[in-house]
Amino acid sequence: MTTARPAEPIAFLKGHGTENDFVIIPDPEGVLDLSPAQVARLCDRRAGIGGDGLLRVVRSAAHPEAAALAGEAEWFMDYRNGDGSVAEMCGNGVRVFARYLRRAGLAEAGDLAVATRAGVRRVHVAKDAEDGTPGDVTVSMGAAEFPGGPHGDVTVEAGGRTWPAVHVSMGNPHAVAFVGSLDEPGDLLGAPASPRPRPTPPAPTSSSSSTAARGTSPCGSTSAAPARPAPAAPAPARSWPRPPVATAWPPPPPATPSRTPSTCPAAASSSPSTPTAGSR
């Protein structure tokens, strides 16, 4: 059996923010048409590059879903989940996206507006320190929304158990369940079951919480959702993702296992190893 691959090499970078890693595809003019199958392959850790998701960097004016936001935000984050599905937002992803724009010379330090499918997100990229340490990246996640009301309207399953949950939107949907102990849902390493509508409201008795996002490490928006029992002022998320690594996929057949660096704007200043990031 053969698997379809893009006819031409695709320049990419890898970015990491708070235990989430992403494949970054610079596509300023919006000429690439990546299918869900191609995105899933690129994010596959064994058959592809590997990542929790994919960030396509497109000018808002060049993307039909963001053209109306072009006057407010020059750049659109076309975010895809690791399984190839389209997503509205990603908290860690938008910070890595902003870091890429800064390192590639496409944005200056300071305030930056990024268009997403959940609307415009306000990001602040601090100036680098005198010793070259990258400045913090802060994003306003916006106020939580409750599409089904502030009481439980869905149920979730994990570890063979079921809990009532609240539908909380941080731009992308989440189901927040209150548990008595973090041991109850298990390790949360598998993909969670899809939330189901619940006819009656729950009676939460504990504030213990843990997060899971499609079987990956916790994401920024997922971490913010449990902290929002009611709509509140925007809460910042902070990190300092180091410069992404630039290369190309698929690589040309090499004499030895290696990947050829691309001519992406950030390549000259990129580290040869996968960058890491932490939170402050």
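Before reading on, note that the structure itself is shown above.
Predicted, not measured: the structure shown is a model, and the values here were computed from it.

### Details of the environment of Leu-69
Now for step 1: Among the secondary structure elements, Leu-69 is positioned in the loop between strand 3 (53–59) and strand 4 (75–81).
Now for step 2: Separated by 45 residues in the primary sequence, Leu-69 and Val-114 have C-alpha atoms spaced 9.3 Å apart.
Now for step 3: Leave out the neighbours within four places in its chain, and Leu-69 touches Ala-115, Thr-116, Gly-119 and Val-120.

### Quick notes on the pattern of salt bridges
Now for step 1: For the structure on display, the rule yields 12 salt bridges.
Now for step 2: Notably, a salt bridge pairs Arg-117 with Glu-65, separated by 2.9 Å at the nearest N-O pair. Placement of Arg-117 in the loop between strand 5 (110–116) and strand 6 (119–125) and of Glu-65 in the loop between strand 3 and strand 4 is noted, with a sequence separation of 52 residues between them.
Now for step 3: Given a relative accessible area of 48%, Glu-65 falls into the partly exposed group.
Now for step 4: When the shortest N-O distance is used, the salt bridge between Asp-78 and Arg-80 registers 3.0 Å. For the pair Asp-78 and Arg-80, one class covers both residues: buried.
Now for step 5: Beyond isolated ion pairs, a larger network of salt bridges with shared partners links Asp-27, Arg-56, Glu-65, Asp-78, Arg-80 and Arg-117.

### Quick word on helix 2 (residues 91–103)
Now for step 1: Its 13 residues place the ends of helix 2 19 Å apart at the C-alpha level, agreeing with the 18 Å of an ideal helix rising 1.5 Å per residue.
Now for step 2: With 11 of its 13 residues buried, helix 2 lies for the most part within the structure.
Now for step 3: Among the residues making up helix 2, those that are buried are Gly-91, Asn-92, Gly-93, Val-94, Arg-95, Val-96, Phe-97, Ala-98, Arg-99, Tyr-100 and Leu-101.
Now for step 4: Once helix 2 ends, the next one or two residues include Gly-105, with phi positive near 75°.

### Here we look at the pairing of strand 5
In summary, the side chains of a regular strand alternate between the two faces of the sheet.
Now for step 1: Among the 7 residues that make up strand 5, 6 are buried, leaving the element largely enclosed by the rest of the structure.
Now for step 2: Alignment of strand 4 against strand 5, held across 2 bridges, turns out to be parallel. Paired with Phe-76 across the bridge in strand 5 is Ala-115.
Now for step 3: The pairing of strand 5 with strand 6 spans 7 bridges and is classified as antiparallel. Residue pairing across strands places Ala-113 opposite Arg-122, the latter belonging to strand 6.
Now for step 4: From the end of strand 5 to the start of strand 6, which pair antiparallel, there are 2 residues.

### Thoughts on the side chain of Asp-52
Now for step 1: Positionally, Asp-52 belongs in the loop between helix 1 (36–43) and strand 3.
Now for step 2: A polar atom in the side chain of Asp-52 sits 3.1 Å from the side chain of Asn-20.

### Description of helix 1
Now for step 1: Taken as a whole, helix 1 has its buried residues at Val-39, Leu-42 and Cys-43. All buried residues of helix 1 lie within an arc of 95° about the axis, which places them on one face of the element.

### As for the nonpolar core
Now for step 1: Leu-55, Met-77, Phe-97, Leu-101 and Val-123 are the most contacted members of the largest nonpolar core, which totals 32 residues.
Now for step 2: Every element with two or more residues in this core is listed here: strand 2 (20–26), strand 3, strand 4, helix 2, strand 5, strand 6, strand 7 (137–140) and strand 9 (161–169).
Now for step 3: By residue number, the principal contributor to this core is helix 2, which donates 6 residues.
Now for step 4: For Met-77, the residues in contact, after removing those within four places along its chain, are Leu-55, Arg-56, Met-89, Cys-90, Gly-93, Val-94, Phe-97, Val-114, Ala-115 and Thr-116.
Now for step 5: Core analysis: the next-biggest nonpolar cluster, separate from the first, contains 10 residues, Phe-12, Leu-34, Val-39 and Leu-54 among them.

So, how was this worked out
- Residues numbered from 1 in each chain as written.
- Predicted model: local features only at pLDDT ≥ 70, side-chain atom pairs only at ≥ 80, totals over all residues.
- Heavy atoms only, no water.
- Helix = DSSP H or I, 4+ residues; strand = E, 2+ residues; numbered from the N terminus.
- Contact = heavy atoms within 4.5 Å.
- Salt bridge = Lys/Arg side-chain N within 4 Å of Asp/Glu carboxyl O.
- Buried < 20%, exposed > 50% of the residue type's maximum accessible area, 1.4 Å probe, protein only.
- Expected span 1.5 Å × (residues − 1).
- Pairing = 2+ DSSP bridges.
- Polar contact = N/O pair within 3.5 Å; in protein donor to acceptor, adjacent residues only side chain to side chain.
- Arc of directions from axis to C-beta.
- Core = buried A, V, L, I, M, F, W, Y, C linked by side-chain atoms within 4.5 Å.

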